[in-house]
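# Remarks on the overall topology
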Amino acid sequence: MSNTNQIPREDGMDHSLSLLREGYMYILNRRRSFQSDIFETRLLGSKVICMGGKEAAEVFYDTEKFKRKNAAPNRAVQTLFGKNGVQSLDDMKHKQRKEMFMSIMSPDQLKKLINITKEQWQAAVNKWRDMDEVTLYDEVQVLLCRTACQWADVPLPEEKAAELSKDLGAMFESAAKVGPSHWKGRNARNQVEKWMGDIIDKVRAGNVQPSKNSVLEQFVWYRNPDGNLLDTKTVAVEIINILRPIVAIAIYINFLALALYHHPEEGKKLKTNDTKYPELFIQEVRRFYPFFPFVAALVKKDFTWKGYTFKKDTLTLLDIYGTNHDTSIWDNPDRFNPKRFENRKENLYDFIPQGGGDYFLGHRCAGEWVTLEVLKVSLDFLVTQIKYEIPDQDLSFSMDSMPSIPNSRIVMKNIKKLF
């Protein structure tokens, strides 16, 4: 196939409103209707290539073919990512900055994170027992905010925890929003970056002493290959790139609880002595429920794939949600089935809830291991450490709202400790 006209192309002048209306399903719907893993459309007045599936992911994460600089829309930079963060770097600059992130993912650091997460869950449960009802999403955001700051050694006054968790939450809740909701996320980022910048300046002035090898210490004193320290604003962005994603795990924790409610038989399996089943369950939650809809990159240089010529600087979207629901990869993808991960061979491109490719060399999320460890602790508390009731409420979630969160944010009552 060499003629670009043979590649499916969506008719019409612009489809930005369709993207907003269909959300997570926008790319997958067209892949199914076109019966193609690649198609062309127009968004915000520009040509965009959309692609999905295992082979598409392999191409998308080829750093010789795609670049990330200037790929994310400004509204996402101003809310979700921050300016000059690791997500926007390419080639050697990205590799070196990514090493800074991967250096804190050591077994000792992850063990420390696990212990802190357990302590924060214990403290939260002790508080929840005295409450008439608890909104899980809101409470877990605060729990995770405390966890993230303690792990990173970022000083967090008790009275600021709720405010900071809301601001960090607003960053990822507002990236795809318009109007006041979007500006709320921008304002939140500005406030948190200023607060974080003040802490960084105090560390460099010797007025705050972070613990050795902590996130705060390593990021504040990280030097570029030229020997210079990163500027205060960039360090603030990168530390927030640790705190914000941990708080975002609240979305997955809500879906853990939702899956347990809708599939009570899974709770029984999780209470057995099968030490592997919790991870199967967690991975299926990450595959089945919506988290990231897609990721963006720009074509680095002209190349041809499947007969289609990708022109330099063309915006390209990889279908994250759709790849995790691809019938050519997954058997009955719309059915919740943790057993599908049993004896499954690991692949860097077909299961991509937080991106694909190599952790160290590519743009796969550096915090994916953090997500898994936090979810393991959280699932254990929900299944074996506490009991609770789920009263009548709206547990549905929208596929056109990005990110998608159960409408009621999961209200729980009569929470009791089992031990």
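Just so we're clear, the structure is a prediction, and the values are computed from it rather than from any experiment.

## So, the overall build of the chain
Secondary structure summary: the chain contains 15 helices and 10 strands in total. In summary, the chain has a C-alpha radius of gyration of 21 Å against a globular reference of 22 Å for 419 residues, a match within 12%. Here the C-alpha coordinates of the chain stretch approximately 65 × 55 × 45 Å along the principal axes. Carbon and sulfur atoms form 49% of the exposed surface of the chain, whose accessible area is close to 19,100 Å². Here the chain carries 60 positive and 55 negative side-chain charges, and the mean point of each set is 2 Å from the other.

## Points about the pattern of salt bridges
Across all of its chains, the model carries 29 salt bridges by this definition. Of the charged contacts, one joins Lys67 and Asp313 as a salt bridge, the two residues approaching to 3.0 Å between their closest N and O atoms. Note that Lys67 is positioned in strand E3 (residues 66-67) and Asp313 in the loop between strand E7 (308-310) and strand E8 (315-319), a separation of 246 residues in sequence. Of the charged contacts in the structure, one is a salt bridge between Arg344 and Asp350, with a shortest N-O distance of 2.4 Å. Accessibility expressed as a relative area gives 10% for Asp350, which makes it buried. Each of Arg31, Asp37, Asp319 and Asp326 takes part in salt bridges that share partners, so that together they form one network.

## Overview of the confidence of the model for the chain
The pLDDT averaged across the chain works out to 92; a share of 97% of its residues lies at or above 70. Mean pLDDT across the secondary structure elements of the chain bottoms out at helix H5 (residues 91-102), with 84, and peaks at helix H7 (residues 136-152), with 98. Across residues 1-5, where pLDDT falls below 50, the model places 10 contacts with residues more than four positions away in sequence or in other chains.

## Comments concerning the nonpolar core
Core analysis: the largest hydrophobic core is formed by 92 residues, its most contacted members being Trp121, Trp128 and Met196. Considering each element in turn, this core owes the most residues, 20 residues, to helix H11 (residues 232-262). Other than its neighbours up to four places away in sequence, Met196 contacts Val154, Leu216, Ala236, Ile239 and Leu243.

## Digging into helix H13 (residues 277-288)
Along its 12 residues, H13 runs 16 Å from first to last C-alpha, staying within 8% of the 16 Å computed at 1.5 Å per residue. H13 sits mainly inside the fold: 10 of its 12 residues count as buried. What H13 keeps buried is the set Tyr277, Leu280, Phe281, Ile282, Gln283, Glu284, Val285, Arg286, Arg287 and Phe288. Its buried side turned inward, H13 meets H11, helix H12 (264-270), helix H14 (320-323) and helix H15 (368-385).

## Details of the packing of aromatic side chains
Enumeration according to the criterion identifies 24 aromatic pairs in this entry. Between Trp121 and Trp128 the ring centres are 5.6 Å apart and the planes differ by 80 degrees, which places this aromatic pair in the edge-to-face class. Each of the two residues, Trp121 as well as Trp128, counts as buried. Among the aromatic residues, those joined into a cluster by ring pairs are Phe60, Tyr61, Phe66, Phe303, Trp305, Tyr308 and Phe310. The ring of Phe303 carries the charged tip of Lys65 above its face, separated from the ring centre by 5.6 Å. If you follow Arg186 out to its NZ or CZ, it ends over the ring of Trp183, 4.7 Å from the centre.

## Quick look at a nonpolar patch on the surface
Taken together, the side chains of Leu17, Leu20 and Val178 make up a nonpolar region of the molecular surface, amounting to roughly 300 Å² of accessible area. Of note, Val178 is situated in the loop between helix H8 (161-173) and helix H9 (180-204).

## Overview of the environment of Met51
You can see Met51 is positioned in strand E2 (residues 46-51). Separated by 49 residues in sequence, Met51 and Met100 have C-alpha atoms that sit 31 Å apart. Setting aside chain neighbours within four positions, we find Met51 in contact with Ile27, Asp37, Ile38, Ala56, Val59, Trp305, Phe310, Thr316, Leu317, Leu318 and Asp319.

## Considerations on helix H2 (residues 26-34)
Of the residues making up H2, those classed as buried are Tyr26, Ile27, Leu28, Arg30 and Arg31. The inward-facing, buried residues of H2 abut helix H1 (16-22), strand E1 (38-43), E2, strand E5 (294-299), E8 and H14. Of the residues flanking the end of H2, it is Gln35, one or two places downstream, whose phi is positive at about 50 degrees.

## Description of the pairing of E2
The side chains of a regular strand alternate, first on one face of the sheet and then on the other. Examined bridge by bridge, E1 and E2 share six bridges and lie antiparallel to one another. Bridge assignment links Ile38 to a residue of E2, and that residue is Met51. As consecutive antiparallel partners, E1 and E2 are separated by two residues, and within that stretch Leu44 has a phi angle of approximately 50 degrees, a positive value. By the bridge criterion, four bridges tie E2 to E8 in an arrangement that is parallel.

## Section: the sheet that holds E3
Taken together, five strands build an open sheet; the order of strands is E1-E2-E8-E5-E3 and the sheet is mixed. The two strands at the open ends of the sheet, each matched to only one other strand, are E1 and E3. Here two bridges tie E3 to E5, and the two strands are oriented antiparallel to one another. Paired with Lys67 across the bridge in E5 is Leu298.

## Observations regarding the state of the cysteines
Taken as a whole, this structure holds zero disulfides when the rule is applied. Unpaired in terms of disulfides, Cys145 finds its nearest cysteine sulfur in Cys149, a separation of 4.5 Å.

## What to know about the sheet that holds strand E4 (residues 133-135)
Read from one edge of the open sheet, three strands run E4-E10-E9, paired in antiparallel fashion. The sheet terminates laterally at E4 and strand E9 (386-389), the two strands that pair on one side only. The mean inter-strand angle of the sheet, taken between neighbouring strand axes irrespective of direction, is 50 degrees. Bridging between E9 and strand E10 (residues 411-417) involves three bridges; their strand directions are antiparallel. Pairing of Ile386 across the sheet is with Lys417, part of E10.

About the cut-offs
- Residues numbered from 1 in each chain as written.
- Predicted model: local features only at pLDDT ≥ 70, side-chain atom pairs only at ≥ 80, totals over all residues.
- Heavy atoms only, no water.
- Helix = DSSP H or I, 4+ residues; strand = E, 2+ residues; numbered from the N terminus.
- Rg over C-alpha atoms; globule rule 2.2 N^0.38 Å.
- Areas by Shrake-Rupley, 256 points an atom, 1.4 Å probe, with all protein chains shown as cover.
- Lys, Arg positive; Asp, Glu negative; His and termini not counted.
- Charge placed at Lys NZ, Arg CZ, Asp CG, Glu CD.
- Salt bridge = Lys/Arg side-chain N within 4 Å of Asp/Glu carboxyl O.
- Buried < 20%, exposed > 50% of the residue type's maximum accessible area, 1.4 Å probe, protein only.
- pLDDT = per-residue confidence, 0-100.
- Contact = heavy atoms within 4.5 Å.
- Core = buried A, V, L, I, M, F, W, Y, C linked by side-chain atoms within 4.5 Å.
- Expected span 1.5 Å × (residues − 1).
- Phe/Tyr/Trp six-rings, centres within 6.5 Å; stacked < 30°, edge-to-face > 60°.
- Lys NZ or Arg CZ within 6 Å of the ring centre and 35° of its normal.
- Patch = residues over 30% accessible without salt bridge, like charges linked within 9 Å, V, L, I, M, F, W, Y side chains within 5 Å.
- Pairing = 2+ DSSP bridges.
- Disulfide = S-S within 2.5 Å.
- Axes fitted to C-alpha atoms, helices over the stretch in contact; angles between N-to-C directions.

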